[in-house]
Each structure stands twice: as C-alpha cells, then as structure tokens.
Amino acid sequence: MSHILKIQDLTVRFHALEALSSLDMEVEPGSIRGLIGPNGAGKTTVFNVISGFIRPSKGTISFNGKEIANLKPYKITSLGVARTFQNIKLFGDLSVIENVMIGFHLSYNTLFWKPLLGLIGFTKIENEVYERARWLLDRTGLLNFIDEKASSLPYGLQRRLEIARALATGPKLLLLDESAAGMNPTEKEDLMKFIEKLRDKLALTILLIEHDMHVVMEICDRITVLDYGEKIAEGSPKEIRNNQRVIEAYLGETRVIES
Amino acid sequence: MKRDKLIRNLATFLSLLVIFGFLKWANSYTSPYIIQILNITAIYIILSTSYNLVNGVTGQFSLGPNAFMAVGAYTASLLTMSPAEKELTFIIQPIISPLGKISLPFLPSLLIAGVVTSIFAFLIAFPVFRVRGDYLAIVTLGFGEIIRVFATNAVSITNGSLGLKGINQYTNLWWSWGWAIFTVFCLIGLVESSYGRAMKAIREDETAAQAMGINTFRYKMFAFIISAFFQGIGGGLLAHLLTTIDPKLFSFLFTFNLLIMIVAGGLGSMTGSIIGAIIFAWGFELLRWFEEPHQIGDMFIPAIPGMRMVIFSLLLIIIMLFFRRGITGRWEFSWDWALNRFGRRIKFRDIN
C-alpha cells in the first residue's frame, strides 16, 4: 500500500524540551486524517515540521516518495503540501481576492522583465489569475467579499479564506490547523461538508488538527492521538472513542468524546 | 473592458503630453532656479519611489539608499568625466588606470551606474536579509557608512573627501523627468504584477508568504536589486546636476530625507511617494519665505535663518498626526478612480 505521507521516527527538540518523540505516521492518499490531543501535545509542531517551518532533530518525512524533512517551506508548498494556520495568518491589508491570487503564485510565475516593462501577454495572465481566484472564491462562498480587506472579515470567513488561499497553491495534501475554531454549529456543519467535498472532488488528502470532537469523529477516516509529543493511539474514530489511554489523556474531556 | 483600457491608455498618453508641454514651457520661460527645483523633484521621485519598493511594498526597513546613490553617483561621474578633467581633479593621488582613460557618453554611464549599484545590492543582500526588522535597518545603515568611509578613503578612485569636481552638467529636464517617468512606469507595472503581490505578501506576513510557495529571500533580493538600480541612476543624475559630489553629500541624512518623503507620502503607495517627493522638493523652497525679513503693518520681522526647518518639521508633525499612514495611506491613483469621480460629478450635474 502506498502512502502519500510517511513520517518515520520524527523527533523535535527545543533545547531540553522534546516536543515530538519518535513519531511514526502513515497517511493514505485520499483520506481524511485527524490529529488530536490535549493542549501542548505537539500537534501544531507536526504541521510545522511537515510544512518546513521547523527542522526536525531526527527522523524522516516522505511525501509522495520524496524526502521533504529539510526542505524550505516554499519548496514543500511547490511539491503540493498546503496548510492553514492556527492563529490566522492572512495578508490582512490586502483584499480577499488578492489573498487568493497570491496563492496562485506558483502556477503563474512570470519572468520579471515582463511586468517590469508592461509587455503584452502580461495582462492576459493577470486576468486569468483573477478569474481563477474568483472561481475559487465562488466555490468557497466568499464571492460577496471579493474586494473587502481580509482583516475586516468575520472570524469564520477568515478561516475559510485561509483554506481558499491554501487551495490556490494546488495542493495534494492539505493541512488544516483548527479550521473549525471559533465557528458556530452551522458554520462547522458547512465546513465539514466542504472538507468532504474537497476530498471527493479534488482527491485531496487532508490532515486536520481539531479540538471539536464532533467534527473529528464525523469526518475523519482515521485519527492519530498525541500526548506530550508521543503517539498514544491511532485508529478509526470508533476505536479511538473507546481507547482507554485516550480517555485518560483527555481526562475531564471524556464526556465530550462520548457524546 | 476594451474600451476602458483604451480610455486609460489615452488618459496616460494625454497626461504625459501635458507634462511634456509643461516641461517645455518651464525650460524656456522660467528661471534656472525653477528648472533646478524641477530637476531635483524628478530625481527625488526616482529615489523615493524606488526606495518605497523595498520599504513600503516589500516591508523591509532598509536604511541604505544613500549607499546606493553614492555608488551610482561615483560610477556615473567617473565614467563621463574626460581624462583631462580627471587629471585636474585628482590632485592628491592620480586616479588608477584604466579609470583615468575612460570617458563615456551620459546614457551608457547612467546604465552602467545602475547595473553596478544593482551588483552591489546583490552582494550585500546576503548578509542584509539574514535578519529582519530593526536589525535589518542597522545592517543596511552599516553598509551606508561603509560606502561613505570608502568614498572618503579610497583616494585614488574617489578623490577622497575632496570629491569629484567639474562633472559635466548633462542632467536637464528631459533626462531627469524622462527617467522619473520611466521609473514610475516600471515600478507600478512591477507592483501590480504577481511579483508585486509576492512582495506585498512578504510585507503582510512572511510565514504565510512562504506557505504560499513564495521564496521570500529571492523576492526581497529582487526588490532590493531593482530598487538599487534606480537609486544608482538617481545618484548619477544628481551628480550630473550638481556637477560636484563628495562623500558628505551621501551621508545618512539623505536616507533620512527619503524616509520622510515615503512615510509622509504614504508607505507602500507609489502615488504617496511621488507626492512626498514633490512636497519635499518644493516645500523646502517655498518655506524660504519664512527666513526672509518681513514688514507686516507696523511689525518688522527680522530674517530668521533656519526658520523653514522649524516650519517644515511642524508640517511633518501635523501630517503624521492627521494622516497616520501618510497622505495617501496605501491608496494608489488609477484612471478608473479618476474617471469614476469625474463620471459621478457629471451625473450629479445632470440631476441638478
């Protein structure tokens, strides 16, 4: 069985603190994988390592059979890994459409002397980027906010814009860091449908960090549970729900899991 | 769509024609004093807009344009000066060969000055962009100082603190404004392209920019090099306007003045940088009135040297108090905007 993402013996140390210890993880193409765990378990660290923002102290990450553990973030994005951020990182002062147009950067990297001298063909490319960004905003339900400043959007829409922007980079693997945070139940429901549609229509593989157990249990094919930088369980939502170690780790949050 | 584009191009063409007409008029019917300020204005526009590309658009707080200008000014001047002139100027130490024998026309000298400045920018980009924010400012400041000290001490190349004298006054309204317009066109084209968007992304959030697949170092370096090219040209034009240059001219104060132009005009906006440059060039001259003696009624106000600096500083404070983000903010002039406003006014008149 081939894996789109294969993490082996991944260890990240920040001085004395071991944020991740010897993590092994394999993600099948076209699946939705949940990454859960209590606060400080190392979930975002996993994302940061996969997307290249943190270099691992040890271990390998292979994406589509290619080793990416020590590549620069922009390189990893160009290979087809896109992500969103836990603390939203939009280009706040730019408009919604500009945010998405920047996402298309990789597919339309014109030679610099073209825009510099305003040669013909350049406006054509610009229009094409604009149209594709517009199309993406239409699909993500942001078309009404096209010219708004990104930072002026409500929280839930900012999260959605981050996903739209990540999709513009043309990913095969999408990393969603707490995308449902701050959304109301209806928005969450929409988001879940949207994520499933991404998987079905675009054949994306999705890795998501989420605190809302309802969301996780509903849409994930498999779940990996981290605690203090170690993997304590992995399996289908049903298996995770009944796993004794997971319940212990989430002590106090047990009820959430059961409901 | 097509029609709009035609109107826009026509509007650009007409405004260029107006500028050309104005310059032609100014060239024959105004005083050399006014012409001088017009030249300075154009050079300031070149310098401020290209500085804005790095500081405003890409968001990298560089303090090094005085270094770039110095490199450009010295390179261009050394290339255009005739061998005889050089022999006369270099009295302490003779100029090193082959520099002493070269003499080129103005345009190639300027272009070479731009390229040499770009190469300089390329080289210093490696240490400069290893750091960010305040640290980057200090590193660029350091390179500015290094160039100034180099210009003072490399006597056989720069003639030391005596500077270069007897540079031909090639810069006239056509050269300065021609380059200013060319610079503005290039930079606006760049800012509105995917390259400009990548630069703005870096300014807004560097981490997110990397996650979008942007090689942030490459784009910062690119902005730096393009900016340096035009600053080198600006320096060359300035040298051929003033006809004498020395290391003191390119002190940190020059960078500081440019910073005032782009911040007061509106950091990140080319329109703002142009407005800032115009205000700076003309403001200083118009404020001379405050330094002259005046008889107002019975009151006699004696001449106060330095008064215009006080007034100018006050004006800056007022601008920054009432326009936090500069005069234009990040707003950019466009023909669509102008036509919209114009169109609305016409409609309004029709209703009345």
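Quick caveat, the model's predicted, so the values are computed rather than measured.

Draft legend 1. Spotlight on the overall build of chain A. Helices and strands together make up the secondary structure of chain A, namely 11 helices and 10 strands. Against the globule reference of 18 Å for 259 residues, chain A gives a C-alpha radius of gyration of 19 Å, in line with a compact fold. When its C-alpha atoms are laid out on the principal axes, chain A stretches across 65 × 40 × 35 Å. Across the 259 residues in chain A, those meeting the buried criterion constitute 54%. Taking as baseline every contact in chain A between residues at least 6 positions apart, the subset at least 24 positions apart corresponds to 66%.

Draft legend 2. Highlighting the sheet that holds strand E2 (residues 17–27) of chain A. Residue and element names in this part refer to chain A. An order of E2-E1-E4-E5 is seen for the 4 strands of this open sheet, with the pairing classed as antiparallel. A strand with exactly one partner marks an edge of an open sheet, and here the two such strands are E2 and strand E5 (66–67). Of the strand pairs in this sheet, strand E4 (residues 58–63) and E5 are connected by 2 bridges, and their pairing is antiparallel. Across the sheet, Phe63 pairs through a bridge with Lys66, a residue of E5. Relative to strand E1 (residues 5–14), helix H1 (residues 43–50) is tilted by about 110°, and along the sheet it contacts E1, E2 and E4.

Draft legend 3. Examining the packing of aromatic side chains more closely. All names here are of chain B. All chains considered together, the criterion is met by 27 aromatic pairs over all chains. Geometrically, the ring pair formed by Phe126 and Phe217 is tilted, given 5.6 Å between the ring centres and 45° between the ring planes. In this pair, Phe126 is assigned in helix H5 (residues 106–128) and Phe217 in helix H11 (residues 216–242), connecting sequence segments 91 residues apart. For Phe126, a relative accessible area of 41% corresponds to the partly exposed category. The partly exposed category is assigned to Phe217, whose relative accessible area is 28%. Judged by centre distance (5.6 Å) and plane angle (85°), the ring pair of Trp179 and Phe182 falls under edge-to-face. Residue Trp179 and its partner Phe182 are located together in helix H8 (residues 173–191), separated by 3 residues, close to a single helical turn. For Phe182, a relative accessible area of 35% corresponds to the partly exposed category.

Draft legend 4. Summary view of the confidence of the model for chain A. Across chain A, the average pLDDT comes to 87, with 91% of residues at or above 70. Mean pLDDT across the secondary structure elements of chain A bottoms out at helix H11 (residues 254–258) of chain A, with 51, and peaks at strand E6 (residues 81–83) of chain A, with 95.

Draft legend 5. Looking closely at a nonpolar patch on the surface. Residues B:Val310, B:Leu314, B:Leu315, B:Ile317, B:Ile318, B:Leu321, B:Phe322 and B:Phe323 make up a contiguous nonpolar surface patch of roughly 790 Å² in combined accessible area. Under the relative-accessibility criterion, B:Ile318 is labelled partly exposed at 43%.

Draft legend 6. Looking closely at H1(A). All names here are of chain A. Most of H1 sits out of view: 7 of its 8 residues are buried. Within H1, burial applies to Lys43, Thr45, Val46, Phe47, Asn48, Val49 and Ile50. Looking at the residues trailing H1, positive phi occurs at Gly52, about 90°.

Criteria and thresholds
- Residues numbered from 1 in each chain as written.
- Chains lettered and ligands numbered in written order.
- Predicted model: local features only at pLDDT ≥ 70, side-chain atom pairs only at ≥ 80, totals over all residues.
- Heavy atoms only, no water.
- Helix = DSSP H or I, 4+ residues; strand = E, 2+ residues; numbered from the N terminus.
- Rg over C-alpha atoms; globule rule 2.2 N^0.38 Å.
- Buried < 20%, exposed > 50% of the residue type's maximum accessible area, 1.4 Å probe, protein only.
- Contact = heavy atoms within 4.5 Å.
- Pairing = 2+ DSSP bridges.
- Axes fitted to C-alpha atoms, helices over the stretch in contact; angles between N-to-C directions.
- Phe/Tyr/Trp six-rings, centres within 6.5 Å; stacked < 30°, edge-to-face > 60°.
- pLDDT = per-residue confidence, 0-100.
- Patch = residues over 30% accessible without salt bridge, like charges linked within 9 Å, V, L, I, M, F, W, Y side chains within 5 Å.
- Areas by Shrake-Rupley, 256 points an atom, 1.4 Å probe, with all protein chains shown as cover.
- Salt bridge = Lys/Arg side-chain N within 4 Å of Asp/Glu carboxyl O.

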